[in-house]
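# Residue-level structure breakdown
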Amino acid sequence: MSTKSKAYINRANKQITDGYIKPYIGKTYAKKYASTIASLISALSILVPLILVSLIFNKIKTYFSLQKIIIFIQIYLSIYFSILSLSSLITGLEPLKFFFATSQSRYICLQILQTLGYVLYLLLLLMYLVLVFSTETGLSTKVLGLGQTIVGFAVGLHYYVTVFHRAVLNQPPKSNWKINGVYAVSFLVICVFAGAERRKKTYLEDGVDEGKKS
């Protein structure tokens, strides 16, 4: 580990224990519980978006189309990065850096799991892109498929360079509330367009059905 990384970790640990932990649990247990608190915060940042997305999709119980699964993931990612951005903006502590400074081994394991999950998401995007370009779909559907694939790969590449690759090198992530905010907005915009496209498709299908009945 570089001298700069060690200095950052020591400074972050001191800020966390002095400013957030010692006032509540005392000096004796501050260092002991810092890692536990970081793990809890990290777990909540993952579980809360999942719970919110599950509530949004609670009516979808038996069948998930490929596009619905992709929208589900995109809403989750938007909520996840929104939580990271807002918590960093409000507290002044970037959650990923906080977790790295207090529990590096767990942080690296988390990044590996998240990266594997994101790779699966990228594969789904490619499957959907091939599907819309190989079947009779409208231009807007093709543009949506291409757009969400570009956004997915762009965010993934940037996250790999600034977070995952640095985790492998045992270095703190280069992330802040602005970057996480851009991630969140990007996925939110894609979700809005995807939702509009689905509503348009449903409207057209209903119009065709009514025309046949009449």
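Only a predicted model underlies this, so the values are computations on that prediction, with no experimental measurement involved.

All right, on to the packing of helix 3 (residues 66-91) against helix 5 (residues 104-134) then. Contact geometry of helix 3 with helix 5 gives a least axis separation of 10 Å together with a crossing angle of 140 degrees. Taken as axis vectors, helix 3 and helix 5 run oblique relative to one another. Considering only the axes of helix 3 and helix 5, their crossing is left-handed. Where helix 3 abuts helix 5, its residues L66, Q67, I69, I70, I73, Q74, L77 and Y80 lie against Q114, Y118, Y121, L124, L125, M127, Y128 and L131. A per-class count over the contact of helix 3 with helix 5 returns 13 nonpolar, 3 polar and no charged.

Overall, the coordinates contain 11 aromatic pairs when judged by the stated rule. A ring pair is formed by F100 and Y107, whose centres lie 5.4 Å apart and whose planes are at 80 degrees; its orientation type is edge-to-face. Take F100: its relative accessible area is 0%, and that puts it in the buried class. Residue Y107 is classed as buried on the basis of its relative accessible area, which comes to 0%. Members of the aromatic cluster, each reached through a chain of ring pairs, are Y76, Y80, F81, Y118, Y121, Y159, Y183 and F187.

Moving on, we come to the UniProt feature "transmembrane region" (unreviewed entry) in the protein chain. Feature annotation in UniProt assigns "transmembrane region" (unreviewed entry) to the following positions: residues 33-57, 69-90, 110-131, 143-161 and 181-196. When the span residues 143-161 is considered, its composition is 100% helix and 0% strand, and the gap between its end C-alpha atoms is 27 Å. Secondary structure content for residues 181-196 is 100% helix and 0% strand, while the C-alpha to C-alpha distance between its ends is 22 Å.

Locating S175 in the fold gives a position in the loop between helix 6 (139-168) and helix 7 (177-213). Since its relative accessible area comes to 4%, S175 is described here as buried. There is a polar contact of 3.2 Å between the side chain of S175 and the side chain of E94. Filtering out sequence-adjacent residues up to four positions away, S175 remains in contact with E94, L96, K97 and V163.

This part is about helix 4 (residues 95-102). Taken across its 8 residues, helix 4 has 7 buried, putting it largely inside the fold. Turning to helix 4, its buried residues number three or more, namely P95, L96, F98, F99, F100, A101 and T102. You can read the cap of helix 4 off the contacts: a side-chain oxygen lies 2.8 Å from the backbone nitrogen of L96, and it is on E94.

The rules behind the values
- Residues numbered from 1 in each chain as written.
- Predicted model: local features only at pLDDT ≥ 70, side-chain atom pairs only at ≥ 80, totals over all residues.
- Heavy atoms only, no water.
- Axes fitted to C-alpha atoms, helices over the stretch in contact; angles between N-to-C directions.
- Helix = DSSP H or I, 4+ residues; strand = E, 2+ residues; numbered from the N terminus.
- Parallel < 35°, antiparallel > 145°, perpendicular 65-115°, else oblique.
- Left-handed = near helix turned anticlockwise from the far one by under 90°.
- Contact = heavy atoms within 4.5 Å.
- Nonpolar A, V, L, I, M, F, W, Y, C, P; charged D, E, K, R; others polar.
- Phe/Tyr/Trp six-rings, centres within 6.5 Å; stacked < 30°, edge-to-face > 60°.
- Buried < 20%, exposed > 50% of the residue type's maximum accessible area, 1.4 Å probe, protein only.
- UniProt positions renumbered as here; feature names shortened; annotations may be inferred.
- Polar contact = N/O pair within 3.5 Å; in protein donor to acceptor, adjacent residues only side chain to side chain.

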